[in-house]
Each structure stands twice: as structure tokens, then as C-alpha cells.
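So the chains spell out like this:
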Amino acid sequence: MDIQIEKLTKTYGPQKAVNDISFDVKTGEVLGFLGPNGAGKSTTMKMITGYIGIEKGDIRIGGKSVTDPESNFKQHIGYLPENNPLYLDMPIIDYLEFCAALQGVEKANIKDRIREMIGLCGLNREKHKKIGELSKGYRQRVGLAQAMIHDPEILILDEPTTGLDPNQIIEIRKLIRDLGKEKTVILSTHILPEVEATCDRILIINRGSIVANGTPETLRKQAQGNEVLKVRIEDAKAETIAKALSDLDTVQDVDLIEREENLFEVQSIAQQSSKRNIFKLCVDKKWVLTELTPLETKLEDIFRNLTVN
Amino acid sequence: MHTIWTIAKRELATFFDSLIAYIILVLFLGFSGFFTWLYGNDVFLVGQANLRVFFNIASWSLFFFIPAITMKMLAEERKTGTLELLLTKSVSDRQVILGKFLGSILLVCIALAATLPYVITVSNIGNLDNGGTICGYLGLLLLSMAYTAIGIFASSITTNQIVAFMTTLFIGLFFHIIFGVLAHNFTGSLGQFFDTLDLQSHFESVSRGVLDSKDLVYFFSITVLGLYLGEWSLSKRHIS
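Computed from a predicted model, the values in this text were never measured in an experiment.

**Digging into the overall build of chain B**
Turning to step 1, where the next piece is worked out: A tally of regular secondary structure across chain B gives 12 helices and 0 strands.
Turning to step 2, where the next piece is worked out: Going from N to C terminus, chain B has its helices and strands arranged as α-α-α-α-α-α-α-α-α-α-α-α.
Turning to step 3, where the next piece is worked out: The C-alpha radius of gyration of chain B comes to 19 Å, within 12% of the 18 Å expected for a compact globule of 240 residues.
Turning to step 4, where the next piece is worked out: Oriented by its inertia axes, the alpha-carbon framework of chain B measures out at about 60 × 45 × 30 Å.
Turning to step 5, where the next piece is worked out: Taken over 240 residues, chain B has a buried fraction of 52%.
Turning to step 6, where the next piece is worked out: Accessible surface, chain B as shown: approximately 10900 Å² in total, 69% of it carbon and sulfur.

**A short note on the domain arrangement of chain A**
Turning to step 1, where the next piece is worked out: According to the domain assignment, chain A consists of domain 1 (3–214) and domain 2 (225–297).
Turning to step 2, where the next piece is worked out: When each unit is reduced to the centre of its C-alpha atoms, the spacing between domain 1 of chain A and domain 2 of chain A is 47 Å.

**Some thoughts on the packing of helix H1 (residues 2–17) of chain B against helix H6 (residues 93–113) of chain B**
All names here are of chain B.
Turning to step 1, where the next piece is worked out: Here H1 crosses H6 at 45°, and the two axes come no closer than 7 Å. With respect to H6, the axis of H1 lies oblique. Relative to H6, H1 is oriented so that their crossing is right-handed. Residues Thr 3, Ile 4, Trp 5, Ile 7, Ala 8, Arg 10, Glu 11, Leu 12, Phe 15 and Phe 16 of H1 form the contact with H6, whose own contacting residues are Gln 95, Val 96, Leu 98, Gly 99, Lys 100, Leu 102, Gly 103, Ser 104, Leu 106, Leu 107 and Ile 110.
Turning to step 2, where the next piece is worked out: A class-by-class count of the residues in the contact of H1 with H6 yields 13 nonpolar, 5 polar and 3 charged.

**Some remarks on the interface of chain A and chain B**
Turning to step 1, where the next piece is worked out: Taken together, the contact between chain A and chain B spans 26 residues of the former and 25 residues of the latter.
Turning to step 2, where the next piece is worked out: Here chain A and chain B share an interface that buries about 2400 Å² over both sides, 58% of which is from carbon and sulfur atoms.
Turning to step 3, where the next piece is worked out: Sorting the residues of chain A by area buried against chain B places Tyr 51, Tyr 87 and Leu 102 of chain A first, and these three jointly supply 30% of that buried surface.
Turning to step 4, where the next piece is worked out: The interface formed by chain A and chain B includes 0 salt bridges.
Turning to step 5, where the next piece is worked out: On the surface where chain A and chain B come into contact, there are 9 residue pairs in polar contact (both at pLDDT 80 or more).
Turning to step 6, where the next piece is worked out: Looking at the side of chain A that touches chain B, the elements with two or more residues in it are strand E1 (3–12) and helix H2 (92–102) of chain A.
Turning to step 7, where the next piece is worked out: When residues in the side of chain A that touches chain B are grouped by element, the largest group, 5 residues, is from H2 of chain A.

**Digging into the pattern of salt bridges**
Residue and element names in this part refer to chain A.
Turning to step 1, where the next piece is worked out: Applying the stated criterion across every chain, the model contains 21 salt bridges over all chains.
Turning to step 2, where the next piece is worked out: Notably, a salt bridge pairs Arg 60 with Glu 6, separated by 2.2 Å at the nearest N-O pair. Of this pair, Arg 60 sits in strand E4 (residues 56–61) while Glu 6 sits in strand E1; the two residues are 54 residues apart in sequence, bridging distant segments of the chain.
Turning to step 3, where the next piece is worked out: We note a salt bridge from Glu 29 to Arg 201, for which the minimum N-O separation is 2.8 Å. On the criterion of sequence distance, the pair formed by Glu 29 in strand E3 (residues 29–34) and Arg 201 in strand E9 (residues 201–206) is long-range, its members being 172 residues apart.
Turning to step 4, where the next piece is worked out: Residue Glu 29 is classed as buried on the basis of its relative accessible area, which comes to 15%.
Turning to step 5, where the next piece is worked out: A cluster of three or more residues bridged by salt bridges with shared partners is formed by Lys 230, Arg 232, Glu 261 and Glu 291.

What counts, and where the lines are drawn
- Residues numbered from 1 in each chain as written.
- Chains lettered and ligands numbered in written order.
- Predicted model: local features only at pLDDT ≥ 70, side-chain atom pairs only at ≥ 80, totals over all residues.
- Heavy atoms only, no water.
- Helix = DSSP H or I, 4+ residues; strand = E, 2+ residues; numbered from the N terminus.
- Rg over C-alpha atoms; globule rule 2.2 N^0.38 Å.
- Buried < 20%, exposed > 50% of the residue type's maximum accessible area, 1.4 Å probe, protein only.
- Areas by Shrake-Rupley, 256 points an atom, 1.4 Å probe, with all protein chains shown as cover.
- Domains from an automatic or database assignment.
- Axes fitted to C-alpha atoms, helices over the stretch in contact; angles between N-to-C directions.
- Parallel < 35°, antiparallel > 145°, perpendicular 65-115°, else oblique.
- Left-handed = near helix turned anticlockwise from the far one by under 90°.
- Contact = heavy atoms within 4.5 Å.
- Nonpolar A, V, L, I, M, F, W, Y, C, P; charged D, E, K, R; others polar.
- Buried area = accessible area lost by both parts, 1.4 Å probe.
- Salt bridge = Lys/Arg side-chain N within 4 Å of Asp/Glu carboxyl O.
- Polar contact = N/O pair within 3.5 Å; in protein donor to acceptor, adjacent residues only side chain to side chain.

See below:
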């Protein structure tokens with residue numbers, strides 16, 4: 001099921017929490033929702049899930065507007081809210097049964113679905129406990145289990161891996177990736193490597209507006225501009241090498257980083273790569289090339305550039 | 001209907017899981033039993049085989065216990081954030097309100113059913129008026145419905161259970177006492193007006209065995225109004 005968001009706006013008092021944002025998410029896509037605290041991520045998610053009303057604009061789920069009283073869009077959505085609120089005094093199985101019944105799972109299938117979710121989320125050892133007796137990581141698993149109990153076509157996860165240990169994080173990321181092959185997933189997070197590990201597409205929002213939208217690679221390319229190479233060449237004086245490097249056609253700028261080790265940072269001119277030229281130069285001069293590393297802009301840098309005001 | 005029943009069942013299960021139900025049942029039975037059998041204007045003093053005393057005491061017990069039942073229904077869900085999770089399931093605001101209402105009414109029904117031994121005892125002492133007894137219970141049920149609806153509304157406007165409890169008592173106080181007092185103090189149409197609003201007089205007329213449509217309309221109006229306001233208060237999240 002596709003989600004289409006058109007010119008969505010929401011104001012809290014004088015402040016625009018979400019300001020005229022539009023984007024699409026298609027089936028089989030995992031969309032990573034990034035942004036600093038208070039950027040409007042959770043507000044957008046709350047509007048998609050129907051918890052708060054839409055002020056301006058429209059959200060269409062599977063082609064039907066959520067404002068249409070006929071559309072039972074909530075049945076197609078599995079939602080894990082921020083901070084994972086749960087009924088702490090309920091036993092896990094009763095809680096999952098309650099969620100399944102509310103989401104319209106047929107009575108005959110409820111037991112099977114619960115068993116499947118308990119297996120999938122690794123709750124087997126804890127399944128007879130009350131939710132309040134569980135540690136934070138296990139509560140997070142219960143939160144995921146209730147979101148997926150009715151096998152929804154859309155999953156909306158607000159910071160799904162908070163409170164999990166590194167092993168669990170890897171498991172959950174794998175789970176999200178697998179689910180993302182058939183379903184539509186939107187997840188928000190602060191953890192940038194998580195986005196790279198799980199998402200097909202990244203959406204960065206800041207102060208209620210979209211500031212970047214694309215795959216991790218395209219974002220990186222956009223932010224990076226010219227190619228930057230870290231180069232180490234031995235068997236000659238640093239100055240000689242620097243001179244030779246800057247004489248190459250494709251090189252725009254050469255920085256000597258460490259004189260002792262002959263380490264340079266070579267920036268190419270726009271749209272060009274100097275890798276081959278550097279190698280040829282070394283062959284011609286009989287120098288030894290011991291390092292040639294392209295420097296990538298990290299997602300952290302992109303994020304900072306776009307969201308620090 | 002299925003959804004409402006699912007929510008009601010969960011509410012009821014939560015009451016019994018968290019001991020609240022047992023405490024309320026014991027206190028309700030103890031309180032009404034003490035005044036019916038042992039103290040003051042009790043059955044033996046009246047010397048008649050009827051349960052008037054009990055119905056009167058029970059109306060007061062319910063006046064105090066219903067706010068305790070309803071106070072956490074929405075206030076706590078709002079505070080812990082589970083309300084968001086509940087309302088993003090495939091349920092409407094109305095179904096949530098009605099489910100919670102049904103859940104607490106069921107608990108009240110269990111409490112009332114637990115007083116049946118009183119009926120059996122009194123009917124063994126003398127000749128009990130069955131119709132009157134049934135009407136008495138009906139009166140208690142109607143009164144509970146009105147106070148539960150008020151309680152659910154009060155619980156929907158706050159995140160603090162104590163505030164919800166006090167608000168329910170405060171609103172309830174008007175219906176239970178203040179309108180009655182005002183009705184006595186004013187004459188003419190104003191007095192009539194307050195008398196119409198007074199819950200005690202409607203309750204007494206039902207529990208005396210007079211089933212007047214006026215009384216039914218009165219109780220159902222308060223119930224519907226309370227639940228409607230509760231739903232309205234939930235839906236306010238869409239605007240702000």
C-alpha cells in the first residue's frame with residue numbers, strides 16, 4: 001500500500017510543527033525519517049496514523065484519503081509510538097490478544113498470530129510475564145509485536161531500536177529490512193548508521209520542512225561535490241610530490257597533511273576523478289603508491305549541514 | 001459492538017488484575033452492609049421486610065465509589081501515552097468511550113449482584129415486595145450509569161487521577177444534594193426547575209417502584225450527555 005502525503009501542515013499555536021511537506025512512500029520501500037528533536041517527525045507520524053487530525057493538506061493511504069470516514073485505514077497500519085506506551089499491568093499474551101481483536105484479526109487466527117509474533121520477536125521465555133515485569137528491551141519487542149500482530153501492510157515505527165542491546169538491534173534491523181521487502185515501512189530514528197543499515201530512502205526534516213530526500217548514496221553525492229582522495233606516496237620528497245600532483249590536469253588542490261609520512265589530500269576538479277592520473281604519475285616517476293583512499297562524506301556531516309541553523 | 005465489548009472486557013480484567021475491583025467490592029459490601037444491618041436506621045429498627053434502607057445507603061456508596069472506578073479510565077491512558085496506541089488501532093473515539101463505560105457498569109453490576117444475599121436474607125425474615133426490590137436495583141443501575149458517564153467525562157479532561165476523582169465528586173454533588181437543597185429553597189418555576197435536576201428525587205421515585213418515563217429520560221439524558229462530552233474531549237486532540 002502506498003502512502004501519499006500532500007502539502008501537510010500542522011501548527012501548534014504560533015509554531016508550525018509541520019510546514020507544507022509532501023512525499024510518497026511506495027510498497028516495498030523502507031523510508032528513514034531523520035531530523036533533530038522537535039523537527040516534526042512524530043507529529044507527521046501521528047497524522048499518518050490518524051491520532052491527530054490534519055490541519056491542511058492530505059494523506060492518502062492506498063489511494064484513499066484518511067479524512068474519508070469510510071476508509072478503515074487504521075486497520076492497515078501497525079504503529080509503534082515514541083516511548084512505546086504499554087498497559088504495564090497486563091500479561092503479554094492477553095495484551096497481544098486485545099490488540100489482535102481490536103485490529104480485526106479473526107478469532108480463529110488470533111492464537112496463531114500471537115504464537116508467530118512471540119517467536120518472531122523473541123518473547124518466548126518471557127511470554128507468561130506481565131508487561132510491567134519486563135526489561136526495556138523486552139517491552140520494545142512487545143511494542144513491535146503489537147504493531148505487527150494483524151500483519152499490516154504499512155508499518156510506522158517511531159524510534160524502534162531505543163533500549164535494545166546491540167544484538168537485538170541487529171536482529172530488529174534485519175527484521176525491518178525483511179518486512180520492508182513486501183510492506184511499506186516508515187521509521188524515525190536518531191541513530192544515523194541505522195538509517196544506512198535499514199532504509200532505502202532517507203527523508204531529513206528540519207523545523208517542519210523537508211531539507212533532503214533521496215537514497216543514502218545520492219544524498220552523499222549531493223553533499224560531497226568534488227572527489228577528495230587521501231594519497232600516500234613514498235620514495236621522494238614531499239614538496240616534489242606535491243608539485244607533481246598539482247600539475248596533473250584533473251587536480252584542483254593538493255594539501256600536504258603529514259610531511260613525515262608523505263600524506264596528501266588531493267581534491268579533483270568538479271565531475272572528474274584523479275585516481276588513474278595519480279597512479280600513472282607514480283608509475284612514470286617510479287614512486288611507490290602506498291595509499292589511495294576516497295574520502296566519503298559521512299551521513300553525520302550531511303545531517304549536520306542540513307539541520308544546524 | 002465487538003470492539004466495544006473487547007475494550008470493556010479489558011477494562012474489567014484490569015480491575016481484577018490490579019486488585020482495585022476486590023477493594024471496591026469489599027468496601028462497597030462492607031459499607032452498605034454495615035448501615036443496612038448494624039448501625040443507625042437499620043432494617044431491624046425499621047422493622048419492615050423491605051430494602052429501602054439498603055437502597056438509600058447503596059446510592060451513597062455508589063456516589064463515592066464510582067468516581068474511584070472511573071478516575072483512571074482515560075486520565076491514566078492519556079498520561080502514560082497508551083491512549084495514542086489505543087486510538088490508532090482500528091477503533092473510533094466513541095467505541096473507546098462506550099467500551100470504558102460498559103466496563104465500569106459491569107463492575108458495578110458485579111458489586112450489586114454481590115448484595116443479593118441481603119435480598120435473600122430479608123425475604124426469609126418477612127414478606128418481601130419483589131417488584132419494589134427489582135425497581136430498587138433498577139434505580140441503582142440508572143444512578144450508576146449517570147455517575148459513570150460523569151466520571152468518564154471528568155477522566156477525559158485531565159491526566160491526573162485525583163483531579164478526575166474530585167471533579168466527578170464535585171459534579172456529582174450538584175446532582176446528589178445541591179439541586180435538591182435549591183429546590184427546597186426556591187418556589188415557583190425555579191424550584192420546579194431545580195427539582196427536575198435533582199437526582200435524589202428521581203432515584204427515590206424509581207426505587208419506590210414508580211416507573212415513570214420522566215425519570216428514565218432524566219437518567220438517560222445525563223448518561224448520554226456525559227458520554228458525549230467525554231467523546232468531545234477526546235476529539236479535541238485533533239484541533240490543538
